[in-house]
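# Observations on chain architecture
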Amino acid sequence: MNFLEKMKSRYTVKKYNPKGKIDEQQVEELKEILNLSPSSINSQPWNFVFVNDTELKKQLGDKSYFNKEKVLESSYIIVFQVIKDLNNFEKQIEENLPEGAVNYYRTMVKPKGEEAIKAWLGHQVYLSLGVFLSACATMGIDSTPMEGIEPEGYDAILNNEKYETLFAVAIGERDETDANQPKFNPKKRLNAEKIILEA
């Protein structure tokens, strides 16, 4: 099955098989894929926290609103976090990026102010989400991106002082009765002619 066919069959899982497991080699590959994610000027303002500890998942589940069941029954929760302190971010890029990239940040991003900088940093983390969901589809791993969580609650549980939670993704094996599968609930998208334009 080629990539297009895999994307046609990919969907957001609503119910996981709690007995389903992901091969650990695939988990290691997903970690490496996230590490290779693109970001503007190679800024990499992120952490990706892989959680499969049952007790920790229970705690996160309590901070996940209507997504609690997915958190508890999936194999892993990957928490996507962004760097908190702009001084720490600037130190990171100064130590790791070429002068041209750092100058782009200083002249094109930083003058816009703290709110705009933080939005820009968050956009980089969302780029990694697209890479991650595509990788899961290619590898035959079911997934659920979740903004319906309590980020501050996740932060209190994970206690990652330098980063804060933006969203999470559950991964695992779908339950065969999951009503959101395309065979039960066909994908609905706007007509391509409305959104794919040529200029």
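Let me begin by describing the structure that accompanies this report. (Residues numbered from 1 in each chain as written. Predicted model: local features only at pLDDT ≥ 70, side-chain atom pairs only at ≥ 80, totals over all residues. Heavy atoms only, no water.)

## Looking at the side chain of serine 143
Looking at the element boundaries, serine 143 is found in strand 3 (residues 142–146). Among the residues examined, serine 143 registers a relative accessible area of 2% and is labelled buried. At 3.4 Å, the side chain of serine 143 forms a polar contact with the side chain of arginine 10. The residues contacting serine 143, other than those within four sequence positions of it, are Arg10, Tyr11, Thr12, Val13, Tyr16, Leu133, Cys136, Val169, Ala170 and Ile171. (Helix = DSSP H or I, 4+ residues; strand = E, 2+ residues; numbered from the N terminus. Buried < 20%, exposed > 50% of the residue type's maximum accessible area, 1.4 Å probe, protein only. Polar contact = N/O pair within 3.5 Å; in protein donor to acceptor, adjacent residues only side chain to side chain. Contact = heavy atoms within 4.5 Å.)

## Quick look at the sheet that holds strand 1 (residues 46–51)
In any sheet, the strands associate via hydrogen bonds between backbone groups, in a parallel or an antiparallel arrangement. The antiparallel open sheet is built from four strands, whose spatial order is 1-2-4-3. Only two strands of the sheet have a single partner each, and these edge strands are strand 1 and strand 3. For this sheet, the mean inter-axis angle between neighbouring strands, taken without regard to orientation, is 25°. Of the strand pairs in this sheet, strand 3 and strand 4 (residues 163–172) are connected by five bridges, and their pairing is antiparallel. Bridge assignment links proline 145 to a residue of strand 4, and that residue is valine 169. (Pairing = 2+ DSSP bridges. Axes fitted to C-alpha atoms, helices over the stretch in contact; angles between N-to-C directions.)

## Comments concerning the packing of helix 5 (residues 86–96) against helix 6 (residues 99–109)
Close contact between helix 5 and helix 6 brings their axes to 8 Å; oriented N to C, the two are set at 150°. Considering the angle they form, helix 5 stands roughly antiparallel to helix 6. The handedness of the crossing between helix 5 and helix 6 is left-handed. Facing helix 5, whose interface residues are Phe89, Glu90, Ile93 and Glu94, helix 6 presents Val102, Tyr105 and Arg106. (Parallel < 35°, antiparallel > 145°, perpendicular 65-115°, else oblique. Left-handed = near helix turned anticlockwise from the far one by under 90°.)

## Looking at the pattern of salt bridges
Working definition: two side chains of opposite charge can pair if their charged atoms are close together. This model, assessed by the stated rule, comprises nine salt bridges. Taking the shortest distance from any N to any O, the salt bridge between glutamate 114 and lysine 118 comes out at 3.6 Å. One end of the pair, glutamate 114, and the other, lysine 118, are both in helix 7 (residues 114–139), four residues apart, so they sit about a helical turn from each other. Here glutamate 176 makes a salt bridge to lysine 183, at a shortest N to O gap of 3.9 Å. Given the relative accessible area of 53%, glutamate 176 is considered exposed. (Salt bridge = Lys/Arg side-chain N within 4 Å of Asp/Glu carboxyl O.)

## Considerations on a nonpolar patch on the surface
A contiguous nonpolar patch, built from Leu190, Ile195 and Ile196 and spanning about 340 Å² of accessible area, is present on the exposed surface. Secondary-structure assignment places leucine 190 in the loop between strand 4 and helix 9 (192–195). (Patch = residues over 30% accessible without salt bridge, like charges linked within 9 Å, V, L, I, M, F, W, Y side chains within 5 Å. Areas by Shrake-Rupley, 256 points an atom, 1.4 Å probe, with all protein chains shown as cover.)

## So, the environment of glycine 148
Mapped onto the fold, glycine 148 is located in the loop between strand 3 and helix 8 (151–158). Since its relative accessible area comes to 16%, glycine 148 is described here as buried. Along the chain, glycine 148 and asparagine 191 lie 43 residues apart, while their C-alpha atoms are 27 Å from each other. Apart from the residues within four sequence positions on either side, glycine 148 is in contact with Ser64, Tyr65, Phe66 and Asn67.

## Some details on unusual backbone geometry
Positive phi outside glycine occurs at isoleucine 41, with the angle close to 55°. Relative to the helices and strands, isoleucine 41 is located in the loop between helix 2 (24–35) and strand 1. One non-glycine residue with positive phi stands out, namely asparagine 42, at about 60°. Relative to the helices and strands, asparagine 42 resides in the loop between helix 2 and strand 1. On the basis of relative accessibility, which here comes to 41%, the residue asparagine 42 falls in the partly exposed class.

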